[in-house]
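# Structural features, examined
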Amino acid sequence: MMNPVPFFSLIALALGLVVLPSLPVQAEEDGERFPPIKHEATLKECAACHMAFQPQMLPKRSWEALMGDLANHFGEDASLAPDVQADITAYLTANAADARGKSRWMRRIAASETPLRITETPQWKREHEGEVRPERFTDPKVKSKANCLACHKSADKGYYEDD
């Protein structure tokens, strides 16, 4: 008769190989990945004008401030129907950088600070300053610091590895 311990170990290993790759990628896994946005209203409304940024890049208070003043969204009126605005706000705050405990994106953001731009967070600056020449952001192909997709081709899917 076959020893049951190795047999069950093989089954567990096989299940792990099938199940683990299908689990959502955690933002803290390697600092370069975030779960892709699958929230329909966020994709439809936010991505209509710019890449829908992963909520794990800002704290709850930042998302509340941004979503609370959509009539003045970086010089544009991005107003939404109240129910859609509430739905997107709930998604962003439930998945914010500080929603599930400690996050490297929250490091060095004081509790009194409410960054409104991901590019103003200490983590974004740490990742880009010194590595990316400032003129790169004014290149006509890039246009601004907020155009993640210009350099990170899979940013909309949550991958920010250097491309």
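Worth saying up front: this structure is predicted, and the values here are computed from it rather than measured.

## A few points about the pattern of salt bridges
- Tallying each qualifying case throughout the model produces five salt bridges.
- Glu-127 serves as the salt-bridge partner of Arg-104, at 2.5 Å between the closest nitrogen and oxygen. In this pair, Arg-104 is assigned in the loop between helix 4 (82-94) and helix 5 (122-128) and Glu-127 in helix 5, connecting sequence segments 23 residues apart. Across the pair, Glu-127 and Arg-104 agree in class, each one buried.
- Asp-156 is paired through a salt bridge with Lys-157; the nearest N and O atoms lie 3.8 Å apart.
- Among the residues examined, Asp-156 registers a relative accessible area of 34% and is labelled partly exposed.

## Looking at the environment of Cys-49
- Within the secondary structure, Cys-49 is located in the loop between helix 2 (40-46) and helix 3 (60-68).
- Exposure remark for Cys-49: the relative accessible area of 72% places this residue in the exposed category.
- In sequence terms Cys-49 and Ala-78 are 29 residues apart; their C-alpha atoms lie 9.2 Å from each other.

## Things to note about helix 4
- For helix 4, built from 13 residues, the straight-helix expectation of 18 Å at 1.5 Å per residue is met to within 8% by its first-to-last C-alpha distance of 18 Å.
- For helix 4, the complete set of buried residues consists of Ile-88, Thr-89, Tyr-91, Leu-92 and Thr-93.
- Elements that come into contact with the buried residues of helix 4 comprise helix 2 and helix 3.

## Digging into the packing of aromatic side chains
- Evaluation of the coordinates by the stated rule reveals three aromatic pairs.
- Relative to Tyr-160, the ring of Phe-34 has its centre 5.8 Å away and its plane inclined at 90 degrees; by these criteria the two rings are edge-to-face. With a gap of 126 residues between them, Phe-34 in the loop between helix 1 (4-19) and helix 2 and Tyr-160 in the segment after helix 5 connect regions that are remote in the sequence.
- Among the residues examined, Phe-34 registers a relative accessible area of 2% and is labelled buried.
- A centroid spacing of 5.7 Å and a plane angle of 45 degrees characterise the contact between Trp-124 and Phe-137, whose relative ring orientation is tilted. Of the two residues, Trp-124 is situated in helix 5 and Phe-137 in the segment after helix 5; the sequence distance between them amounts to 13 residues.

Rules used throughout
Residues numbered from 1 in each chain as written. Predicted model: local features only at pLDDT ≥ 70, side-chain atom pairs only at ≥ 80, totals over all residues. Heavy atoms only, no water. Salt bridge = Lys/Arg side-chain N within 4 Å of Asp/Glu carboxyl O. Helix = DSSP H or I, 4+ residues; strand = E, 2+ residues; numbered from the N terminus. Buried < 20%, exposed > 50% of the residue type's maximum accessible area, 1.4 Å probe, protein only. Expected span 1.5 Å × (residues − 1). Contact = heavy atoms within 4.5 Å. Phe/Tyr/Trp six-rings, centres within 6.5 Å; stacked < 30°, edge-to-face > 60°.

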